[in-house]
Structures are given as structure tokens and as C-alpha cells.
Amino acid sequence: MSLTGTPFFLTSIALLVVALVLPFALWGRIAGPAPVRGLARLLMLLFAQVTAITVVFVLVNNANSLYDNWDDLLGTGSHVEAARDLGPDGMGGRQIRHEPKQLQQFRPADDPKVGAGVRMTDLQGRISGVRGEVYVWLPPQYDDPAYRDRKFPVVELLPGYPGSAKSWLGSLNAARQLMPLMRSGAVKPAILVAPRTNLLPGVDTGCVNLPGKVNADSWLTVDVRKMVLDNFRAGDKPDSWALAGYSAGAHCAAKLALAHPDRYRAAVAMSGYNDPALERDSLAGKDPKLRTETNPLHILKSANAAGKPPRTALYVSGASGDGYQAGLALRQFALPPTTVTVRQIPSNAGGHTTAVWAQQVPEVFRWLGTQLRA
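The rules behind each value
Residues numbered from 1 in each chain as written. Predicted model: local features only at pLDDT ≥ 70, side-chain atom pairs only at ≥ 80, totals over all residues. Heavy atoms only, no water. Core = buried A, V, L, I, M, F, W, Y, C linked by side-chain atoms within 4.5 Å. Buried < 20%, exposed > 50% of the residue type's maximum accessible area, 1.4 Å probe, protein only. Contact = heavy atoms within 4.5 Å. Helix = DSSP H or I, 4+ residues; strand = E, 2+ residues; numbered from the N terminus. Phe/Tyr/Trp six-rings, centres within 6.5 Å; stacked < 30°, edge-to-face > 60°. Lys NZ or Arg CZ within 6 Å of the ring centre and 35° of its normal.

**Student:** Is there a simple way to explain the nonpolar core in this structure?
**Tutor:** A general tendency of soluble globular proteins is for nonpolar side chains to be buried together. Counting residues in each nonpolar core, the largest one holds 52 residues, and the members touching the most others are Val-134, Ile-191, Val-214, Trp-219, Val-228, Leu-314 and Leu-330. Apart from residues lying up to four places away in sequence, Val-214 is in contact with Val-80, Ala-83, Val-130, Leu-199, Leu-200, Thr-205, Val-208, Asn-209 and Leu-283. Judged by nonpolar contacts, the second largest core, of 39 residues, contains Ala-165, Leu-192, Ala-194 and Val-364.

Right under this line is the structure:
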């Protein structure tokens, strides 16, 4: 039974009803010695507690797209088949232009919560050694005959941790919100790509490459990117690509965009952080060397010191103590052509929640439209 499916949700509701009715029906009818009666009543109360917690968990999980399946929840699944040393460029000595095309079979998304028009595929990363699902949504202009010769910019959508690949399309309703705005011209059309980021059980990869563990950076910036270029009319220049993330995904978006200005022009980071150790399950945060090297602020400072400020545009939003100060720090060290736009979210806006990030979707995509070119 699917963790996020309607049958499991209805089953949990039914069990809760049973758990509430049992004490009323059987409390005074239990026979036997006092210890037996006491144990039976205790078990009924525990059953009621467990079913109530289960219902709350299902509601929260479905609303926030935290765990996709039982393997993600129980930490029994890994999406890493190999994690060899790929070197500083994450390519392992290979040239992406020499790699054969990776044409994929797509099917309708397996969850109606993501909305109409979302398709998915199972991708085997040839460079990264990662395998996982990738969701794709095409703008309304994509199939318009008037645009048949036009390429489109691409935005990779990254969730928090734990988080599902479909959270942007489900919990944040990105496609539903953007469809009318793109159709009317209020937001420039773009392809939305939502790849799996939960790759190792019980671990936030921090979107890093760590030989022997995972090549999450190469999965997102090489394999997923190439798959989109091989299968869709997507622009292949950095000016056509951006990342957008919230929470742990915000950290990844800023880090990857600053580290790979040859692949991405812009990034949106909502309620993120610079220091990966702020996520207690971060793989990068537990390694002193990686903790420094994958900090977006360190990446920016190092590029400046080398006389090569990245041609990267960042949009950072967050409340005080929840991403805002991280944005200010990045803006302080931004040298042309790097730009950092910081927006402070009111502390009473709703906290660190998908509801707050969903409200920002139209605004951040209007900003992305000013940065990206097909």
C-alpha cells in the first residue's frame, strides 16, 4: 500500500475510528483478573495513541511531501549504484558533449497532487551513478505550433530535507500557479524539472560529490541536465538554466549555481542557509573539509579571491534567523558580475513551511524571467 496514496490515508482514518470506539464499547466489559483488565485497557489506549499519531503524520506528510514511499520513511532504500571519484569538475575525465544521447520514456506522474501535464521518468545517471525519478512540466507554449522552433529555459526545483521530488509541483502548486501566468505572459515560459534529491537513507547529501558515498552534485548538474537537453527543446547555454530550492534545497541551489556558473545563470534560495552543518543530517556538514568547501559564502569568497567572481544571479528570501542573514552575507561579498537580491519575509508570515514558500512562487518566477534567456 502506497505511503502517500488514498487507500493508506483512508485505512488510517478507519483504524482511528475503531481505536476511539473500542474503549467506549469494551471498557467495562473486560473480564478476568485486575492485571488482565488493566493490560487490555492500556493496549486500547496505546492503540488509540498510535492511530492518532499515524493520521497526523499522514496529513503532514501528504501536505508537505516529506517522504515519497516506505523506503524513504524507513531509511531502507538507496539510489546510489556507484560513487567513484569524479574529480573537481564532477565529470570523471569525460566530456558531456561526447556522451551519447539518453532518450527517456516518460509517463504521467503517479500522483494526482502534482496536477495535470506533469510527466515522470526513471533516470539512470551515467556519470553520477545515481538512479532516481525526475518530474518534468512543460509550459503552455511548448506544444504551440507558433513555438515549434523555439527552445525554452529550464528551472531545476529542489525540495528541503526530508523532501520529495514532487514537492514543488504538489505542496507548492508551482505548475498550477504558473500555468495561467505563463499563458498570459505575466511570467516567461520555462520548463520545470524536479529530480529526486533524497538519495541515501537517513542522510541529507547536501548536493555534494563524496567518493564512496554519493555524487549528488553530478546527478543534478550533469546527468539530469543532459537528460533534459536530450529529450526536450531546452536551451543549452548557462543563461537558459537556473535552480530554485527551499530550506536544504535553497542551500543546494545557491551552492550549485555559484560553483557551476558554466552551467547555471541564476538560483532562488528560500529560507536556506550557508553553513551545511545547520542541517543535522547533512553529509557535508559532518565533514570539516566539505563543510567549508560547500558553503556558498566560501565558494563566493574563493572565486572573488581568484579574480573570477561568478556570473551568477541569486534571489534569497527568508525571515530573520531563517535565511535572511545568509542572504545578507552573500550580498555583502557579491562583486560584479555576481548579483544578490535579498527579500526579508515577515517573521509572522507562517514560519518554515510550504505555505510560505508557495506564496512566493509567482514572484520568484517573475524574477527568474528577468535573468534567463532561451
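**Student:** What's the story with the environment of Ile-30 in this structure? I'm lost.
**Tutor:** With respect to the secondary-structure elements, Ile-30 resides in the loop between helix 1 (6-26) and helix 2 (34-64). On the basis of relative accessible area, Ile-30 is assigned to the buried category, the value being 19%. Distance from Ile-30 to Ala-267, taken between C-alpha atoms, is 63 Å for residues 237 residues apart in sequence. Here Ile-30 is in contact with Arg-37, Ala-40, Arg-41 and Met-44, once residues within four sequence places are set aside.

**Student:** Please clarify how the packing of aromatic side chains should be interpreted in this entry.
**Tutor:** Pairs of aromatic rings are described using the distance from one ring centre to the other and the angle between the two planes. Evaluated as defined, the whole model comprises 8 aromatic pairs. Summarising the aromatic geometry, the rings of Tyr-142 and Phe-152 are spaced 5.5 Å apart at their centres and angled 40° between planes, so their arrangement reads as tilted. Separated by 10 residues along the polypeptide, Tyr-142 in the loop between strand 3 (131-137) and strand 4 (154-158) and Phe-152 in the loop between strand 3 and strand 4 bring together distant segments of the chain. Accessibility assignment for this pair places Tyr-142 and Phe-152 in one class, buried. Ring plane angle 20° and centroid distance 4.4 Å describe the contact between Tyr-246 and Trp-357, whose orientation is recorded as stacked. Placement of the pair is Tyr-246 in strand 8 (residues 241-246) and Trp-357 in helix 10 (residues 354-371), with a sequence separation of 111 residues. Assessed through its relative accessible area of 4%, Tyr-246 is described here as buried. A connected cluster of aromatic rings, assembled from ring pairs, spans Phe-106, Tyr-142, Tyr-147, Phe-152 and Phe-232. Over the aromatic face of Trp-241 sits the side chain of Arg-225, whose NZ or CZ is 4.8 Å from the ring centroid. Against the face of Phe-333 rests Lys-301, its NZ or CZ located 4.4 Å from the ring centre.

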